Each structure stands twice: as C-alpha cells, then as structure tokens.
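Coordinates in review
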Amino acid sequence: MTNFNLYLSSCVLLLTLSWRTSTGVPVPALSAEKCASCSLLFKHLLLQITELLTKEVLCYGIPSDKVRVNNKTETLLACAPTLTQNSGCIQRDSSFSESDCLRNIMKDLVHHEAIIQSYIKASLRNPEKEVKLLMPVLGIIQDLRKNCSLMPNGENDSTEEGAAHVWGNSTYENRLDMCKMMRGFHIRTITINRAMGYISSGDHKK
C-alpha cells in the first residue's frame, strides 16, 4: 500500500509538471519597449568601452595584448541563438531562454561594476584621467542594472557585489590587470549586443 501511494504521488507530480510545461507557465521577459531601450543602452556601453580602450590612458605603456574575460557566468552559452542541427557552432541541449540569457548578462554587469568601483579607489597612475574614463561606463552599467533587470524593483543577482578585485600598490600592475579586464568586457559586450539583437528580433519566440 505504501509503495502504491508513493507511485501515485509520483504520477501526480509528473502530471503536474507536465501540465505546467504544456500550459506555458509565464517566463519573465522584457517588454518590446523596454527591450528597445535596453538594447540602446547596451550599444552605448559598447561604444563607451571602445572609446575607453582607444585612449592612451588605461592601457598606456602596456605591451601585452592579453585579454581577461569573466568566466564566472554562462553568458556565451546562455545567449547563443537556437541553432539548427547542421550548425557547427556552440550547441545547447535546450531551446533559447530569454530569462537565462538576461540573468547571465546581469551577472556580468554586477561583476564589472564591482571591479570598476574597487579600481577607482585603488592606487592609480593618473587618477583624474582614469576615473574620468571609467565613470561613464560605470554609469551605464548602473542604468542597465536598474532598468533592464527581470527582477522586481530593479533588484538583480548581487552574489558578486562583494567579490571586487583586490588591487595592489603598483599602479602599473593595477592598470595591467584592469586593461586586460576591460578588453575582456569589450568582447563580452559585443556578445551581449548580439544577444539583445536576437531577443529584439523575436526569432526565439517563433
């Protein structure tokens, strides 16, 4: 009798899960208007980072062209478009999830916001110029976190807010690390812009 009840309970659970899937439990998503405004903000972010890297301030005197990309998120995989069987690109086991993609993007923003905020308080070669370049990037990140999150009241995943990079006393080493990170953030922002374009197109809902 106990085994039968356990079997019956399992069946009910499976049916409930199947019903929820088949009836389409609402998945958080950006409205068309919000998606358009957020896409524009991400474009501004990319332009701002591109401009920052073209100035001979942050990467001045650094011969290395190494890049450090944030590997604590799954943005690259989560934001890859739904692919056909013949595609030779990254494959995923499930269909594209707008909410998963946006959550990973927000985690990237949290990560880089923490890095920039800690950097401007560290030992800098040229505080005035470096802070002036980084503040617009920081401002756009904060606007994106406030206005483009799927969480209510502008709340975002904040698990990395306290994980700011630890900077040393060498202004050169600090700039070297920051230069690598901003190059990586530039690459990640290109990926994010492509993802936002995909979401804006609505192709993932077809």
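Source: prediction; values computed, not measured.

1. Some thoughts on the nonpolar core
Counting 39 residues, the largest nonpolar core has Leu-45, Val-137, Met-178, Met-182 and Met-196 as the members making the most contacts within it. For this core, the elements supplying multiple residues, two or more each, are helix 2 (32-54), helix 4 (98-119), helix 5 (127-147) and helix 6 (171-201). With nine residues, helix 6 is the single largest residue contributor to this core.

2. Side note on the pattern of salt bridges
In total, this model carries three salt bridges according to the counting rule given. Residue Asp-108 is joined to Arg-188 by a salt bridge in which the shortest nitrogen-to-oxygen separation is 3.0 Å. Remark: Arg-188 occurs in helix 6 and Asp-108 occurs in helix 4; sequence separation between them is 80 residues. With relative accessibility at 9%, the residue Arg-188 sits in the buried group. Between Arg-145 and Glu-113 there is a salt bridge, with the nearest N and O atoms lying 2.5 Å from each other. Of the two residues, Arg-145 is situated in helix 5 and Glu-113 in helix 4; the sequence distance between them amounts to 32 residues. The residues Arg-145 and Glu-113 share a single accessibility class, namely buried.

3. Focus on the packing of aromatic side chains
Throughout the structure, instances matching the rule amount to two aromatic pairs. Ring centres 4.9 Å apart and planes at 85 degrees place the aromatic pair Phe-96 and Tyr-198 in the edge-to-face group. Here Tyr-198 lies in helix 6 and Phe-96 lies in the loop between helix 3 (75-78) and helix 4, a separation of 102 residues in the sequence. Look at Phe-96 and you get buried, because its relative accessible area is 7%. Ring plane angle 70 degrees and centroid distance 4.9 Å describe the contact between Tyr-119 and Trp-167, whose orientation is recorded as edge-to-face. Separated by 48 residues along the polypeptide, Tyr-119 in helix 4 and Trp-167 in the loop between helix 5 and helix 6 bring together distant segments of the chain. Trp-167 matches Tyr-119 in its accessibility class, with the two residues each being buried.

The rules behind the values
Residues numbered from 1 in each chain as written. Predicted model: local features only at pLDDT ≥ 70, side-chain atom pairs only at ≥ 80, totals over all residues. Heavy atoms only, no water. Core = buried A, V, L, I, M, F, W, Y, C linked by side-chain atoms within 4.5 Å. Buried < 20%, exposed > 50% of the residue type's maximum accessible area, 1.4 Å probe, protein only. Helix = DSSP H or I, 4+ residues; strand = E, 2+ residues; numbered from the N terminus. Salt bridge = Lys/Arg side-chain N within 4 Å of Asp/Glu carboxyl O. Phe/Tyr/Trp six-rings, centres within 6.5 Å; stacked < 30°, edge-to-face > 60°.

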